[in-house]
Amino acid sequence: ELLVVDDFSPAGTVADVQRMHREADRLFRAQGNQAGRQRMTADANLRPAKPPRGLIQSTGEDVPRGQSLRARLLVSDLPREGPGALNLEKLTGCQADASAGLYAQAMAGFLRWLAPRYEDIRGELKARIGSFRQAAHQSRQHRRLADIVGSLAVGFDHFLIFAQEAGAVTQTEAEGLWARCWAALGE
(Lines give C-alpha, C1' and ligand atoms only; values in the text may rest on other atoms or scores of the structure.)
Protein backbone atom coordinates (compact mmCIF):
# COMPACT_ATOMS: atom_id res chain seq x y z
CA GLU A 1 0.00 0.00 0.00
CA LEU A 2 1.15 3.52 -0.69
CA LEU A 3 0.18 6.53 1.43
CA VAL A 4 0.74 9.83 -0.35
CA VAL A 5 1.44 12.95 1.71
CA ASP A 6 1.05 15.72 -0.83
CA ASP A 7 2.81 19.08 -0.66
CA PHE A 8 4.71 19.08 2.64
CA SER A 9 5.35 22.82 2.84
CA PRO A 10 4.97 23.97 6.45
CA ALA A 11 3.82 27.57 6.62
CA GLY A 12 2.15 29.96 9.01
CA THR A 13 3.32 30.98 12.43
CA VAL A 14 6.45 29.52 14.00
CA ALA A 15 4.20 27.32 16.15
CA ASP A 16 2.33 26.08 13.04
CA VAL A 17 5.57 25.18 11.29
CA GLN A 18 6.89 23.39 14.39
CA ARG A 19 3.60 21.45 14.76
CA MET A 20 3.72 20.29 11.13
CA HIS A 21 7.33 19.16 11.54
CA ARG A 22 6.39 17.26 14.73
CA GLU A 23 3.54 15.49 12.91
CA ALA A 24 5.83 14.65 9.98
CA ASP A 25 8.44 13.36 12.42
CA ARG A 26 5.90 11.06 14.11
CA LEU A 27 4.59 9.72 10.79
CA PHE A 28 7.92 9.19 9.03
CA ARG A 29 9.71 7.87 12.12
CA ALA A 30 6.97 5.27 12.70
CA GLN A 31 7.29 4.20 9.07
CA GLY A 32 11.08 4.11 9.22
CA ASN A 33 11.07 2.10 12.46
CA GLN A 34 8.16 -0.09 11.32
CA ALA A 35 6.52 0.66 14.67
CA GLY A 36 2.88 1.27 15.44
CA ARG A 37 1.60 3.60 18.13
CA GLN A 38 0.77 2.04 21.47
CA ARG A 39 -2.81 2.80 22.47
CA MET A 40 -4.88 1.77 25.44
CA THR A 41 -8.35 0.27 25.61
CA ALA A 42 -11.06 1.76 27.79
CA ASP A 43 -10.00 -0.59 30.62
CA ALA A 44 -6.36 0.64 30.45
CA ASN A 45 -4.93 -2.44 28.71
CA LEU A 46 -2.55 -1.99 25.81
CA ARG A 47 -3.98 -2.70 22.38
CA PRO A 48 -1.76 -4.55 19.94
CA ALA A 49 0.35 -2.13 17.93
CA LYS A 50 -0.41 -1.87 14.23
CA PRO A 51 2.88 -1.22 12.45
CA PRO A 52 2.83 0.38 8.99
CA ARG A 53 2.20 -2.12 6.18
CA GLY A 54 3.11 0.01 3.21
CA LEU A 55 5.25 2.89 2.05
CA ILE A 56 4.85 6.63 2.28
CA GLN A 57 5.50 8.97 -0.62
CA SER A 58 5.64 12.62 0.27
CA THR A 59 5.98 15.59 -2.02
CA GLY A 60 6.72 19.15 -1.06
CA GLU A 61 9.04 22.07 -0.91
CA ASP A 62 10.51 21.18 2.48
CA VAL A 63 12.18 18.13 4.00
CA PRO A 64 11.40 17.11 7.57
CA ARG A 65 14.06 18.18 10.06
CA GLY A 66 16.64 16.11 11.84
CA GLN A 67 19.48 13.86 10.72
CA SER A 68 17.99 10.77 12.37
CA LEU A 69 14.65 11.31 10.67
CA ARG A 70 16.21 12.02 7.27
CA ALA A 71 18.05 8.71 7.54
CA ARG A 72 14.61 7.08 7.40
CA LEU A 73 13.73 8.86 4.13
CA LEU A 74 14.70 8.56 0.49
CA VAL A 75 14.84 12.20 -0.59
CA SER A 76 14.79 13.06 -4.30
CA ASP A 77 15.51 16.69 -5.11
CA LEU A 78 14.35 17.77 -8.56
CA PRO A 79 16.32 20.69 -9.94
CA ARG A 80 14.44 23.35 -11.88
CA GLU A 81 16.78 23.04 -14.87
CA GLY A 82 19.41 20.73 -16.30
CA PRO A 83 19.96 17.01 -15.75
CA GLY A 84 17.33 15.46 -13.53
CA ALA A 85 14.89 18.35 -13.92
CA LEU A 86 11.21 17.59 -14.25
CA ASN A 87 10.20 17.16 -17.90
CA LEU A 88 6.96 19.15 -18.08
CA GLU A 89 6.00 17.68 -21.46
CA LYS A 90 6.22 14.13 -20.09
CA LEU A 91 4.45 15.20 -16.90
CA THR A 92 1.56 16.62 -18.94
CA GLY A 93 1.26 13.30 -20.79
CA CYS A 94 1.32 11.38 -17.51
CA GLN A 95 -1.36 13.66 -16.06
CA ALA A 96 -3.55 13.00 -19.12
CA ASP A 97 -3.04 9.25 -18.67
CA ALA A 98 -3.97 9.59 -14.99
CA SER A 99 -7.10 11.57 -15.85
CA ALA A 100 -8.08 8.85 -18.31
CA GLY A 101 -7.81 6.30 -15.48
CA LEU A 102 -4.89 4.37 -16.97
CA TYR A 103 -2.84 4.31 -13.76
CA ALA A 104 -5.88 3.31 -11.71
CA GLN A 105 -6.56 0.45 -14.14
CA ALA A 106 -2.95 -0.70 -13.99
CA MET A 107 -2.95 -0.62 -10.18
CA ALA A 108 -6.27 -2.47 -10.01
CA GLY A 109 -4.89 -5.14 -12.35
CA PHE A 110 -1.72 -5.42 -10.26
CA LEU A 111 -3.72 -5.81 -7.04
CA ARG A 112 -5.93 -8.49 -8.64
CA TRP A 113 -2.76 -10.28 -9.76
CA LEU A 114 -1.11 -9.86 -6.36
CA ALA A 115 -4.03 -10.96 -4.14
CA PRO A 116 -3.88 -14.73 -4.79
CA ARG A 117 -0.06 -14.64 -4.51
CA TYR A 118 0.04 -12.48 -1.41
CA GLU A 119 0.86 -15.16 1.17
CA ASP A 120 3.64 -16.66 -0.97
CA ILE A 121 5.12 -13.23 -1.69
CA ARG A 122 4.81 -12.20 1.93
CA GLY A 123 6.67 -15.33 3.01
CA GLU A 124 9.67 -14.51 0.84
CA LEU A 125 9.54 -10.73 1.25
CA LYS A 126 12.16 -10.30 3.99
CA ALA A 127 14.68 -12.47 2.15
CA ARG A 128 14.10 -10.66 -1.17
CA ILE A 129 14.35 -7.24 0.45
CA GLY A 130 17.50 -8.46 2.21
CA SER A 131 19.16 -9.46 -1.05
CA PHE A 132 18.37 -6.11 -2.66
CA ARG A 133 19.45 -4.36 0.55
CA GLN A 134 22.82 -6.12 0.37
CA ALA A 135 23.29 -4.96 -3.22
CA ALA A 136 22.22 -1.41 -2.33
CA HIS A 137 24.36 -1.27 0.81
CA GLN A 138 27.53 -0.91 -1.25
CA SER A 139 27.04 2.87 -1.22
CA ARG A 140 28.14 5.15 1.60
CA GLN A 141 24.61 6.23 2.41
CA HIS A 142 22.93 5.65 5.77
CA ARG A 143 22.22 1.97 6.48
CA ARG A 144 18.44 2.58 6.61
CA LEU A 145 18.47 3.86 3.04
CA ALA A 146 19.42 0.37 1.82
CA ASP A 147 16.20 -0.98 3.41
CA ILE A 148 14.13 1.62 1.58
CA VAL A 149 15.86 0.82 -1.71
CA GLY A 150 15.33 -2.91 -1.10
CA SER A 151 11.60 -2.43 -0.49
CA LEU A 152 11.16 -0.27 -3.58
CA ALA A 153 13.14 -2.73 -5.69
CA VAL A 154 11.03 -5.70 -4.57
CA GLY A 155 7.82 -3.81 -5.31
CA PHE A 156 8.96 -2.82 -8.79
CA ASP A 157 10.25 -6.34 -9.47
CA HIS A 158 6.83 -7.80 -8.68
CA PHE A 159 5.14 -5.15 -10.80
CA LEU A 160 7.37 -6.09 -13.75
CA ILE A 161 6.46 -9.77 -13.32
CA PHE A 162 2.80 -8.77 -13.40
CA ALA A 163 3.33 -6.54 -16.44
CA GLN A 164 4.99 -9.39 -18.34
CA GLU A 165 2.25 -11.87 -17.42
CA ALA A 166 -0.40 -9.33 -18.46
CA GLY A 167 1.34 -8.85 -21.80
CA ALA A 168 2.02 -5.16 -21.17
CA VAL A 169 5.78 -5.54 -21.60
CA THR A 170 8.08 -8.14 -23.09
CA GLN A 171 10.88 -9.74 -21.11
CA THR A 172 13.39 -7.55 -22.94
CA GLU A 173 11.39 -4.41 -22.11
CA ALA A 174 11.07 -5.53 -18.48
CA GLU A 175 14.82 -6.07 -18.26
CA GLY A 176 15.41 -2.57 -19.64
CA LEU A 177 12.93 -1.05 -17.20
CA TRP A 178 14.54 -2.94 -14.33
CA ALA A 179 17.99 -1.66 -15.30
CA ARG A 180 16.68 1.92 -15.39
CA CYS A 181 14.92 1.49 -12.04
CA TRP A 182 17.97 0.01 -10.31
CA ALA A 183 20.21 2.76 -11.71
CA ALA A 184 17.76 5.42 -10.51
CA LEU A 185 17.59 3.86 -7.03
CA GLY A 186 21.38 3.82 -6.98
CA GLU A 187 21.53 7.53 -7.71
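I will try to describe carefully the structure that is included in this document. (Residues numbered from 1 in each chain as written. Predicted model: local features only at pLDDT ≥ 70, side-chain atom pairs only at ≥ 80, totals over all residues. Heavy atoms only, no water.)

1. Remarks on the overall build of the protein
Thinking step 1. Scanning the protein for helices and strands turns up 7 helices and 2 strands.
Thinking step 2. Starting at the N terminus, the α and β elements of the protein follow one another as β-α-β-α-α-α-α-α-α.
Thinking step 3. Taken over the C-alpha atoms alone, the protein extends approximately 55 × 45 × 40 Å along its principal axes.
Thinking step 4. Taking all 187 residues of the protein together, the buried fraction comes to 21%.
Thinking step 5. Summed over its atoms, the accessible surface of the protein is roughly 13,700 Å², and 53% of this surface lies on carbon and sulfur atoms.
Thinking step 6. A gap of 9 Å separates the mean positions of the 24 positive and 22 negative side-chain charges of the protein. (Helix = DSSP H or I, 4+ residues; strand = E, 2+ residues; numbered from the N terminus. Buried < 20%, exposed > 50% of the residue type's maximum accessible area, 1.4 Å probe, protein only. Areas by Shrake-Rupley, 256 points an atom, 1.4 Å probe, with all protein chains shown as cover. Lys, Arg positive; Asp, Glu negative; His and termini not counted. Charge placed at Lys NZ, Arg CZ, Asp CG, Glu CD.)

2. Considerations on the side chain of Gln 31
Thinking step 1. By the element assignment, Gln 31 lies in helix α1 (residues 14-33).
Thinking step 2. If we skip the residues at most four places from it in the chain, Gln 31 touches Pro 52, Gly 54, Leu 55 and Ile 56. (Contact = heavy atoms within 4.5 Å.)

3. Details of a positive patch on the surface
Thinking step 1. A surface patch of like charges, here positive, comprises Arg 26, Arg 37, Arg 39, Arg 47, Lys 50 and Arg 53.
Thinking step 2. Within the fold, Arg 47 resides in the loop between α1 and β2 (55-60).
Thinking step 3. The exposure class assigned to Arg 47 is partly exposed, which follows from its relative accessible area of 44%. (Patch = residues over 30% accessible without salt bridge, like charges linked within 9 Å, V, L, I, M, F, W, Y side chains within 5 Å. Salt bridge = Lys/Arg side-chain N within 4 Å of Asp/Glu carboxyl O.)

4. Side note on helix α5 (residues 118-136)
Thinking step 1. Helix geometry: α5 is bent most strongly at Leu 125, by close to 50°.
Thinking step 2. Among all positions in α5, only Ile 121, Arg 128, Ile 129, Gly 130, Phe 132 and Ala 136 are buried. (Bend = angle between axes of the 7 residues up to and from the residue.)

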